[in-house]
Amino acid sequence: MTTRSETVDTPAGQARITWHTARAAKAVLALGHGAGGGIEARDLQALAADLPAHGCTVALVEQPWRVAGKKVAAAPKVLDEGWRALWPALAEPGLPVVVGGRSAGARVACRTAAGLGAAGVLALAFPLHPPGKPEKSRAEELLAAGRPTLVLQGGRDPFGRPEEFPAGEYELVEVAHGDHGFAVPKKADLTQDEALAVITGAVAPWLARLLG
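This is a predicted model, so every value here is computed, not measured.

(A) Quick peek at the overall build of the protein chain. Each helix and strand in the protein chain was counted, giving six helices and eight strands. Across the protein chain, helices and strands are ordered from the amino to the carboxyl terminus as β-β-β-α-β-α-α-β-α-β-α-β-β-α. Here the C-alpha atoms of the protein chain give a radius of gyration of 16 Å, agreeing with the 17 Å that 2.2 N^0.38 yields for 212 residues. Residue burial in the protein chain is summarised as follows: out of 212 residues, 51% are buried. Considering only intrachain contacts with a sequence separation of at least 6, the fraction spanning at least 24 residues in the protein chain is 61%. Counting every atom, the protein chain has about 9,400 Å² of accessible surface; 53% of that belongs to carbon and sulfur. Each charge sign in the protein chain was given a centre, from 22 positive and 22 negative side chains, and these centres are 5 Å apart.

Next up, the structure:
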């Protein structure tokens, strides 16, 4: 695996892609971050470290607001514009591109995947609703993704526990005891490393099935 970064101009400012490139890549998995953090998130880093060995290049995408050092995420429309502007760079290797991200990044991927022609969607910690407000559901974004979709959701995620998700044409894997950042309590019956292994252990075979 090799790692490199590049900046890409978008209507919202400069975005940054950090490439974790597989030696004999069969696909690109492009992952965006959430509204409260960047690409240092434990799930994004775990996938970037694991998937190149399985023939998948991982592109960790930092939205312009984050690159600019701002503390508050841009509006959804602006996030989508920035993501669409990155597409030529993500598709440049000439490989199928699976889009995804964690939390707000997952929402962006769901909203834009079909229009961009993505091969699939990986939704990490999809924010089904604001904490304590299940009536404000964002399920329609997930259900309307229009591409094969895998959801990884923490068992105690206040933005939506696995049992709260509606039926639909997507796969859902629970990360037991995980919160919105997939952190697990020390008293849980699995370690933090084991929780992350649930994520990588679900994503690699899903990608293999998706891409044939």
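(B) Geometry of helix α6 (residues 192-211). Along its 20 residues, α6 runs 29 Å from first to last C-alpha, staying within 8% of the 28 Å computed at 1.5 Å per residue. Turning to α6, its buried residues number three or more, namely A195, L196, I199, T200, A202, V203, A204, W206 and L207. The first or second residue beyond α6 is G212, which carries a positive phi of 70 degrees.

Conventions we followed
- Residues numbered from 1 in each chain as written.
- Predicted model: local features only at pLDDT ≥ 70, side-chain atom pairs only at ≥ 80, totals over all residues.
- Heavy atoms only, no water.
- Helix = DSSP H or I, 4+ residues; strand = E, 2+ residues; numbered from the N terminus.
- Rg over C-alpha atoms; globule rule 2.2 N^0.38 Å.
- Buried < 20%, exposed > 50% of the residue type's maximum accessible area, 1.4 Å probe, protein only.
- Contact = heavy atoms within 4.5 Å.
- Areas by Shrake-Rupley, 256 points an atom, 1.4 Å probe, with all protein chains shown as cover.
- Lys, Arg positive; Asp, Glu negative; His and termini not counted.
- Charge placed at Lys NZ, Arg CZ, Asp CG, Glu CD.
- Expected span 1.5 Å × (residues − 1).

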